[in-house]
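# Breakdown of the fold
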Amino acid sequence: WGTTATRPVPEQNLLKMLMKHLGEKSFYYVDSVTTCICGEFLARLPDCATLAVVGAEPSGRKIVAHLDYNLVHLLIDRLLGGSGEVASENRPLSETEAGVIQYLIMQVMATIWKTFGDAGRYHFRFEKFVFNPSDVEKTVLSAKESAVTVTFRVGIGEHSGFVKLLFPKQFIEKVALD
């Protein structure tokens, strides 16, 4: 696992993991970092969106990941041995498709854990998928809560999509204080 003299290098480790599971032409990079209000972020999402809810312990806070529909199906196709086809319709994932994407999310979280080991102050736990953005407001985040979004561009070869991570302000503040 990659490290510098003073700190782990999660970027290199995540890329190695993606290349192992998705092929040598896999890539990702941070596209943008912005602030927002959770309700406004969720209101901009399509009625049917792939949202992964991840718990961050010991904070008790939730992180929400919005996965671009085309990217989700590109990843599913590659993980199941396909050439990387994108989907034509926007719909909730089947149980099998959700399991395949959950596997990749778990691999990302395992890579982060392996990179930081005991030095990591937070441990991430996949909780569930949500396909209706209004369900996130009802059960996970307050619509009025401030947040930071980090948008990653993820792809394989010429095909790419995005993953937007929504970090509640209270989580960011807690991390900054620790």
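Treat the numbers as computed from the prediction; the structure is a model and nothing was measured. (Residues numbered from 1 in each chain as written. Predicted model: local features only at pLDDT ≥ 70, side-chain atom pairs only at ≥ 80, totals over all residues. Heavy atoms only, no water.)

## Structural notes on the packing of aromatic side chains
To describe a pair of aromatic rings, you give the distance between the ring centres and the angle between the ring planes. Spelled out, the test is: Within 6.5 Å between ring centres, the rings of Phe, Tyr and Trp (the latter by its six-membered ring) count as paired, and their orientation is classed by plane angle as stacked under 30 degrees, edge-to-face over 60, tilted in between. Whether a charge lies above a ring is judged from NZ of Lys or CZ of Arg, which has to be within 6 Å of the ring centre and within 35 degrees of the ring normal.
For the structure on display, the rule yields 5 aromatic pairs. Judged by centre distance (6.3 Å) and plane angle (15°), the rings of Phe27 and Tyr29 are stacked. Among the aromatic residues, ring-to-ring pairing joins Phe126, Phe129 and Phe131 into one connected group. Sitting over the face of the ring of Phe162, Lys164 holds its NZ or CZ atom 4.9 Å from the ring centroid.

## Description of the side chain of Thr149
Short version of the rule: Numbering of helices and strands starts at the N terminus; helices are DSSP runs of H or I of at least 4 residues and strands are runs of E of at least 2. In protein, a polar contact requires one atom able to donate a hydrogen and another able to accept it; more generally it is a pair of N or O atoms within 3.5 Å, and residues adjacent in sequence count only if both atoms are side-chain atoms. What makes two residues a contact is simply this: any of their non-hydrogen atoms within 4.5 Å.
Positionally, Thr149 belongs in strand E5 (residues 146-156). Of the polar contacts made by the side chain of Thr149, one reaches the side chain of Thr34; its length is 2.5 Å. For Thr149, the contacting residues outside a window of four places in its chain are Ser32, Val33, Thr34, Cys36, Phe41, Leu165 and Leu166.

## Describing the sheet that holds strand E4 (residues 123-130)
Here is the rule: Strands pair, by our definition, only if DSSP identifies at least two bridges between them. Between N-to-C directions, angles span 0 to 180 degrees; the directions come from axes that are lines fitted to C-alpha atoms, helices contributing only their stretch in contact.
Taken in spatial order, the 6 strands line up as E1-E5-E6-E3-E2-E4 in an open sheet, and their pairing is antiparallel. Edge positions in the sheet fall to strand E1 (26-37) and E4, since each has one partner strand and no second. Averaged over all neighbouring strand pairs, the angle between strand axes comes to 25°, with direction disregarded. Direction of pairing for strand E2 (residues 50-57) relative to strand E3 (residues 61-67): antiparallel, over a ladder of 7 bridges. When the bridges of E3 are listed, Ala56 appears paired with Arg61.

## Some details on the packing of helix H3 (residues 69-79) against helix H4 (residues 95-116)
Applicable threshold: The cut-offs work like this: below 35 degrees is roughly parallel, past 145 is roughly antiparallel, 65 to 115 is roughly perpendicular, and the gaps in between are oblique. All amino acids are sorted into three groups, where Ala, Val, Leu, Ile, Met, Phe, Trp, Tyr, Cys and Pro are nonpolar, Asp, Glu, Lys and Arg are charged, and the leftover types, Gly among them, are polar.
One way to put it is that H3 packs onto H4 with a least axis distance of 10 Å and a crossing angle of 85°. By the angle between their axes, H3 is roughly perpendicular relative to H4. Residues Val72, His73, Leu75, Ile76 and Leu79 of H3 pack against Glu97, Val100, Ile101 and Leu104 of H4. Along the lines of polarity and charge, the residues of the contact of H3 with H4 split into 7 nonpolar, 1 polar and 1 charged.

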